[in-house]
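Structural characterization, general
Given next are the chains, with one letter for each unit.
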Amino acid sequence: MAARYAADLPAVDAADEAMRQAVAAAAAAAAAVPGLAAAALQLIASDEALGLTPEQQMYMWERAAELDLAVVEDLTGTHTAPAEDVTL
């Protein structure tokens, strides 16, 4: 995807545009299956092999959390029980 834009944009802008396009595609899928889209975004953001900047990772994680916070919490191990489920 980034290669498509590389001819017209500087490399940094091409990568940013590719990221926006990927998030837009995930958002379209999210309308039907938000949990799956959230999981995909969270896993992409966590994949060190992709070489995302910290800002790009945070952007992806935030979009994933907006789609389905519970899925992101489950995948990252930060899921907490709702207060009504806690017994003293």
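Nothing here was measured: the structure is a model prediction, and the numbers come from that model.

What follows covers the nonpolar core. One finds Met 19, Val 23, Ala 38, Leu 41, Ala 45, Leu 52, Met 60, Ala 64 and Val 72 forming the largest nonpolar core, which totals 9 residues. Among the secondary structure elements, those contributing two or more residues to this core are helix H2 (11–30), helix H3 (34–46) and helix H4 (54–76). Once residues lying within four places of it in the same chain are set aside, the contact partners of Met 19 are Leu 52, Gln 56 and Met 60.

Turning to the pattern of salt bridges, a few remarks are in order. For the coordinates displayed, the defined rule picks out 2 salt bridges. Across the pair Glu 66 and Arg 63 runs a salt bridge whose closest N-O atoms are separated by 2.8 Å. Within this pair, Glu 66 and its partner Arg 63 are both found in helix H4, separated by 3 residues, close to a single helical turn. Since its relative accessible area comes to 59%, Glu 66 is described here as exposed. In this structure, a network of salt bridges that share partners links the residues Glu 62, Arg 63 and Glu 66.

To continue, consider the packing of aromatic side chains. Here the structure, examined in full by the defined rule, presents 0 aromatic pairs. The aromatic ring of Tyr 59 is capped on one face by Arg 63, whose charged end is 4.6 Å from the ring centroid.

Chain-level statistics for the protein chain give a pLDDT mean of 76 and a share of 69% at 70 or above. Per-element confidence in the protein chain is highest for H4, whose mean pLDDT is 88, and lowest for helix H1 (residues 2–6), whose mean pLDDT is 55.

Okay, the environment of Glu 73 next. The topology assignment puts Glu 73 in helix H4. Linking Glu 73 and Gln 42, residues 31 residues apart in sequence, is a C-alpha distance of 9.9 Å.

What counts, and at which threshold
Residues numbered from 1 in each chain as written. Predicted model: local features only at pLDDT ≥ 70, side-chain atom pairs only at ≥ 80, totals over all residues. Heavy atoms only, no water. Core = buried A, V, L, I, M, F, W, Y, C linked by side-chain atoms within 4.5 Å. Buried < 20%, exposed > 50% of the residue type's maximum accessible area, 1.4 Å probe, protein only. Helix = DSSP H or I, 4+ residues; strand = E, 2+ residues; numbered from the N terminus. Contact = heavy atoms within 4.5 Å. Salt bridge = Lys/Arg side-chain N within 4 Å of Asp/Glu carboxyl O. Phe/Tyr/Trp six-rings, centres within 6.5 Å; stacked < 30°, edge-to-face > 60°. Lys NZ or Arg CZ within 6 Å of the ring centre and 35° of its normal. pLDDT = per-residue confidence, 0-100.

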